[in-house]
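Chain by chain, the residues run as shown.
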Amino acid sequence: MGEKRLYFPRKVGMRNIKTATAAALCALVYFFLDRSPAFACIGAIFGMGSDYQNSKLHGGNRLFGTLIGGLLGMALFRIYLFFYPDGRPSLLMVLLVFIGTVLLILLCQMFWVGGVQPGGVVLCIILFNTPVETYVSYALNRILDTGIGVVAALLVNSMFPGGFTFRWMEKMWKEVASPKPPKA
């Protein structure tokens, strides 16, 4: 068998720069809001595509999945609190996550097919990892933060053309990847 070689990228493309710019833009805005930028940055990174249309698809998956999963998670957690107001663990949660996942998939098939995975993440976090006192604010904040990140990705992607690379980075990578032998 042949020896596997580590692939070393030789250029920094425009998508790379646009993704980093969108994430940094979110971090900058959130710095002034004195709020964690984590989920907005994640939304920006997941929302960036190779072009504006691709960003709409990726960002839409993240945004609509988070929206559907967040709203569904709030509703199911409210039902759970009806039976267990203190939020203690119960086997009822097993049934609710089953029902929630089925409903999530059906809702995503109706509204945004690509939203199942991000929606499932938010649904499970709300059901299994959110304190009783904060499940509504948690869900609403995830929806808001994701929306801001996706909007940042769309804005940045609409402002910069695709297919552009930084020539100086290409030159540097070529030198690193294929160094010249020392002169004798």
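We now turn to the structure provided with this report. All values reported here derive from a predicted model rather than from experimental measurement.

## Brief notes about the pattern of salt bridges
Link 1 in the chain: For the coordinates displayed, the defined rule picks out 3 salt bridges.
Link 2 in the chain: Between Arg-35 and Asp-145 there is a salt bridge, and its shortest N-O distance comes to 2.7 Å. You can see Arg-35 sitting in the loop between α1 (14–33) and α2 (38–47) and its partner Asp-145 sitting in helix α6 (residues 135–159), a full 110 residues away along the chain.
Link 3 in the chain: When the shortest N-O distance is used, the salt bridge between Asp-86 and Arg-88 registers 3.3 Å.
Link 4 in the chain: The partly exposed category is assigned to Arg-88, whose relative accessible area is 44%.
Link 5 in the chain: Overlapping salt bridges, with partners in common, bring together Arg-35, Arg-142 and Asp-145 in one network.

## Concerning the packing of helix α3 (residues 52–83) against helix α4 (residues 92–111)
Link 1 in the chain: In the contact formed by α3 and α4, the axes pass within 10 Å of each other and the chain directions differ by 155°. As judged from the angle between their axes, α3 and α4 are roughly antiparallel. You can see that α3 and α4 cross each other, and the crossing is right-handed. Contact with α3, carried on its side by Ile-68, Gly-69, Leu-72, Leu-76, Phe-77, Ile-79, Tyr-80 and Phe-83, involves Leu-92, Met-93, Leu-96, Gly-100, Leu-103, Leu-104, Leu-107, Cys-108 and Phe-111 of α4 and no other residues of that element.

## Considering α4
Link 1 in the chain: The end-to-end C-alpha separation of α4 is 28 Å, in line with the 28 Å expected for 20 residues at 1.5 Å each.
Link 2 in the chain: All buried positions along α4 are accounted for by Met-93, Leu-96, Val-97, Gly-100, Leu-104 and Cys-108. For α4, the buried positions fall inside an angular range of 95° around the axis, keeping them on one side. Across α4 from its buried face, at more than 90 degrees, point the exposed residues Val-94, Phe-98, Gln-109 and Met-110.
Link 3 in the chain: Along its buried surface, α4 packs onto α3 and α5 (116–129).

Procedures and definitions
The residue numbering used here restarts from 1 in each chain and proceeds along that chain's sequence as written. Under the rules for a predicted model, residues below a pLDDT of 70 receive no local features and side-chain atom pairs below 80 are neither given nor counted, while totals for whole chains, interfaces and linings still include all residues. The side-chain values count all of the structure's non-hydrogen atoms but skip hydrogen atoms and water molecules. A side-chain nitrogen of Lys or Arg and a carboxyl oxygen of Asp or Glu constitute a salt bridge if their distance falls within 4 Å. Only DSSP runs of H or I with at least four residues qualify as helices, and only runs of E with at least two residues qualify as strands; both kinds are numbered from the N terminus onward. Burial here depends on accessible area, computed with a 1.4 Å probe over protein chains only, as a share of the maximum for the residue type. Under 20% is buried, over 50% is exposed, and the range in between is partly exposed. Axes, fitted as lines to C-alpha atoms, cover a helix only where it is in contact. Angles between the N-to-C directions of the axes lie from 0 to 180 degrees. Angle categories are assigned with fixed cut-offs, so that under 35 degrees is roughly parallel, over 145 is roughly antiparallel, 65 to 115 is roughly perpendicular, and the rest are oblique. Crossings are sorted by hand: turned counterclockwise from the far helix by less than a right angle, the near helix makes the crossing left-handed, and turned clockwise it makes it right-handed. Every residue pair with non-hydrogen atoms within 4.5 Å of one another is taken to be in contact. One less than the number of residues in a helix, times 1.5 Å, gives the span that helix is expected to have. Summarising the geometry, the arc corresponds to the directions from the helix axis toward the C-beta atoms.

As far as function goes, none of this settles anything; it's purely spatial.
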